[in-house]
Amino acid sequence: MTLDLSIITDNAGLFAQGAVATVYISVAAIISGLLIAFPVALLRLSPRRVMSWPAVAYVELFRNIPFIVMLSLFFYGLPFFGLRLQPMTTGIVALALFGSAYFAEIVRGAILSVPRGQMESARAIGMSYLRALREIIFPQMLRFFIPAATNTSISLVKESAVLATLSVAELTYQGLIVQGQTFAPFEVFLATATIYWGLTALLAAGFRTSERRLGGQAQRGFSSRHRLAARYLSLEPEPRS
Amino acid sequence: MDFSVEAALAALPALLRATGTNIAIAAAAMALALAGGILLTILRSLKIAPLNLVIGVVISFIRGTPVLIQIFLFYYGLPALGLQLDPLTAGICAIAFNSTIFISEIMRGGLADMDPGPVEAAIALGLKARAIWGKVVIPQLLLRILPPLVNEATIILKGTALLSVITVVELFRAAQQISATTFRPFETMLAAAAIILVLNVLVSQFGGMLERRLAVRRG
């Protein structure tokens, strides 16, 4: 078994187009998903049931229905509400809403990770709720927010592959096209996977840089006092003393 | 076109039958992934540098690529390596392999958070590695990582719908087939979504119950 790389190089154009579309879809969905997530999280945190309950329902709906099913619900369902969108637009909308449910839970957790006293003090000195959120809470929640949001963003890039089922010409769809022409599934899907791998790695690296700029995460290492137990409890190579 | 509640209800029996396939696939994949995750974790704990390097690359690959592509690789790609699997087997293998990696990562995190005391005591008592893993580390680890494991189970269950793309007749593909004859895709999909929603909520609730039951033992 040898890898026939000419299959990849001959169709590099299609792969590139697909990769560009995947980046476009992902970026659009990540940004709009984040924007939707903030109001959803704030509603979810509201002490009033009438406000928090719809937010809980929204989050649970999107998190418990597989994205492939959700996507086809949007595809067949939006016309019922008089909305006839391109498959690409439908896909971005569905992916953004899907992502917003996960982002909302992260925002909620991040806001809760900031001690209550911070909000109470800010309100006590006369800041409005929104101003206190923006100037006191948001800057402090980033430490918690960024690593989790990175993971969800990466999930969205991966989940965007499902848009191929609507014939949206993104990376997976182009992979299927090339596979249909060349009958070399192993090479084609390995190449497709590698491009996704590169995209998600880039995304992770980008977020890591922004995390470092914000002061960085404390590294958790296995205490040298417990070197014996580390034989079982640590998967990292033993630290040199 | 008006929304037809009857169409959604009429599709339910056939969809429920197809859901059995999703449950069976998810159960098989979860069992395989749990066993695989434990084995991979023990393998990684041996800290054989070149092996861990390879495992690290595989982990990064699986975490960085869509499950859909992994399913394609198992079903369409493996025959190139001389391994022809039927859609169901290929699908279960793909999901189980993906989940093995994620479970091993969950276990890595769980191990780092564990109290080293009991392990040190077991080593001091001269227990063999087998006994330490089997009777000390794994039981406590499983209790500790129960919440993320339940979450992983719901991810697996949702992932089973992806097998529709390699022609496994499960809930989503059944919904597509029904839509093709009734021309009521929205109603049918809505019924399918409701079924899997209920199923997932049940799994989460069951997980929550299990957690409360075991909370005492977790200390």
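In this report, the structure presented in the accompanying data block is examined.

Observations regarding the packing of helix α2 (residues 12–45) of chain A against helix α8 (residues 171–182) of chain A
Residue and element names in this part refer to chain A. Contact geometry for α2 and α8: axes closest at 7 Å, N-to-C directions at 160°. Classed by the angle they form, the pair α2 and α8 counts as roughly antiparallel. As α2 runs across α8, the sense of the crossing is right-handed. Side by side, α2 and α8 meet where Leu14, Phe15, Gln17, Gly18, Ala19 and Thr22 of the first sit next to Leu171, Gln174, Gly175, Ile177, Val178 and Gln181 of the second. Classifying every residue of the contact of α2 with α8 gives six nonpolar, six polar and no charged.

Points about the interface of chain B and chain A
Contacts between the two partners involve 55 residues from chain B and, on the opposite side, 47 residues from chain A. For the chain B and chain A pair, buried surface summed over both sides reaches about 4500 Å², with 77% attributable to carbon and sulfur atoms. Broken down residue by residue, the surface that chain B buries against chain A is led by Lys47, Lys158 and Phe186 of chain B, which jointly contribute 14%. At the boundary of chain B and chain A, one finds zero salt bridges. Across the chain B-chain A interface, the total number found is nine residue pairs in polar contact (both at pLDDT 80 or more). Contributions of two or more residues to the side of chain B that touches chain A are made by α1 (5–45), α2 (49–64), α3 (67–77), α4 (87–112), α5 (116–124), α6 (129–144) and α9 (185–218) of chain B. Ranked by residues supplied to the side of chain B that touches chain A, first place goes to α9 of chain B with eleven residues. By residue class, the composition of the side of chain B that touches chain A is 35 nonpolar, ten polar and ten charged.

Focus on a nonpolar patch on the surface
Residues and elements named next belong to chain A. On the surface, a cluster of nonpolar side chains totalling about 350 Å² of accessible area is made up of Val23, Val27, Ile31 and Leu35. Summarising the element assignment, valine 27 is placed in helix α2. Since its relative accessible area comes to 40%, valine 27 is described here as partly exposed.

Some remarks on the environment of alanine 94 of chain A
Residue and element names in this part refer to chain A. Note on placement: alanine 94 falls in helix α5 (residues 87–113). Alanine 94 gets classed as buried once you look at its relative accessible area, which sits at 0%. Distance in space between the C-alpha atoms of alanine 94 and phenylalanine 75 is 8.9 Å, their sequence separation being 19 residues. Aside from chain neighbours lying at most four places away, what touches alanine 94 is Phe67, Leu71 and Phe74.

Let's talk about the packing of aromatic side chains
All names here are of chain A. All told, the structure shown has 17 aromatic pairs over all chains when counted by the stated rule. Their ring planes at 50° and their centres at 4.9 Å tell us that phenylalanine 67 and phenylalanine 98 sit as a pair that is tilted. Remark: phenylalanine 98 occurs in helix α5 and phenylalanine 67 occurs in helix α4 (residues 67–77); sequence separation between them is 31 residues. Looking at phenylalanine 67, the relative accessible area reads 3%, which means it is buried. We classify phenylalanine 98 as buried; its relative accessible area is 7%. Aromatic pair phenylalanine 75 and tyrosine 76: ring centres 5.2 Å apart, planes at 70°, arrangement edge-to-face. Accessibility expressed as a relative area gives 32% for phenylalanine 75, which makes it partly exposed. Across from the ring centre of tyrosine 102, 5.8 Å away, lies the NZ or CZ of arginine 63, which sits over that ring.

Things to note about the nonpolar core
Ranked by size, the top nonpolar core spans 130 residues in total, and within it Phe67, Phe145, Tyr232 and Leu233 of chain A together with Leu15, Val119 and Val137 of chain B carry the most contacts. Looking at this core element by element, the count peaks at 13 residues for α5 of chain A.

Points about the layout of surface pockets
All names here are of chain A. Reported here for the second largest pocket is a volume of approximately 400 Å³. At the level of elements, α2, α5, α6 (116–124) and α7 (129–159) are the ones that each hand at least two residues to the lining of the second largest pocket. The residue inventory of the lining of the second largest pocket, partitioned by class, reads eleven nonpolar, one polar and two charged.

Looking at the packing of α8 of chain A against α3 of chain B
Orientation of α8 of chain A relative to α3 of chain B, taken along the N-to-C sense of each, is 20°, at an axis distance of 11 Å. Relative to α3 of chain B, α8 of chain A is oriented roughly parallel. Between α8 of chain A and α3 of chain B lies a crossing of right-handed hand. Here α8 of chain A contributes Thr172, Leu176 and Gln179 of chain A to the contact with α3 of chain B, which in turn contributes Leu68, Ile69, Phe72 and Tyr76 of chain B. Looking at side-chain class alone, the contact of α8 of chain A with α3 of chain B contains five nonpolar, two polar and no charged residues.

A short note on α4 of chain A
Of all eleven residues in α4 of chain A, nine are buried, a share of seventy percent or more. Those residues of α4 of chain A not exposed but buried are Phe67, Ile68, Val69, Met70, Leu71, Ser72, Leu73, Phe74 and Gly77 of chain A.

Focus on the pattern of salt bridges
Summed over all chains, the structure comprises nine salt bridges over all chains. Glutamate 135 of chain A is the partner of arginine 134 of chain A in a salt bridge, and the nearest nitrogen-oxygen pair spans 3.7 Å. On the basis of relative accessibility, which here comes to 37%, the residue glutamate 135 of chain A falls in the partly exposed class. We note a salt bridge from glutamate 105 of chain B to arginine 63 of chain B, for which the minimum N-O separation is 3.5 Å. Here glutamate 105 of chain B is found in helix α4, whereas its partner arginine 63 of chain B is found in helix α2, with 42 residues between them in sequence. Note on glutamate 105 of chain B: relative accessible area 12%, which makes it buried. Relative accessible area serves as the criterion here: at 36%, arginine 63 of chain B is assigned to the partly exposed category.

Scoring rules and cut-offs
Residues numbered from 1 in each chain as written. Chains lettered and ligands numbered in written order. Predicted model: local features only at pLDDT ≥ 70, side-chain atom pairs only at ≥ 80, totals over all residues. Heavy atoms only, no water. Axes fitted to C-alpha atoms, helices over the stretch in contact; angles between N-to-C directions. Helix = DSSP H or I, 4+ residues; strand = E, 2+ residues; numbered from the N terminus. Parallel < 35°, antiparallel > 145°, perpendicular 65-115°, else oblique. Left-handed = near helix turned anticlockwise from the far one by under 90°. Contact = heavy atoms within 4.5 Å. Nonpolar A, V, L, I, M, F, W, Y, C, P; charged D, E, K, R; others polar. Buried area = accessible area lost by both parts, 1.4 Å probe. Salt bridge = Lys/Arg side-chain N within 4 Å of Asp/Glu carboxyl O. Polar contact = N/O pair within 3.5 Å; in protein donor to acceptor, adjacent residues only side chain to side chain. Patch = residues over 30% accessible without salt bridge, like charges linked within 9 Å, V, L, I, M, F, W, Y side chains within 5 Å. Areas by Shrake-Rupley, 256 points an atom, 1.4 Å probe, with all protein chains shown as cover. Buried < 20%, exposed > 50% of the residue type's maximum accessible area, 1.4 Å probe, protein only. Phe/Tyr/Trp six-rings, centres within 6.5 Å; stacked < 30°, edge-to-face > 60°. Lys NZ or Arg CZ within 6 Å of the ring centre and 35° of its normal. Core = buried A, V, L, I, M, F, W, Y, C linked by side-chain atoms within 4.5 Å. 1 Å grid on protein atoms, 1.4 Å probe; cavity = no way out; pocket = protein on both sides within 12 Å on 5 of 7 lines; lining within 4 Å. Points joined across faces, edges and corners; volume = space filled by probe spheres on them.

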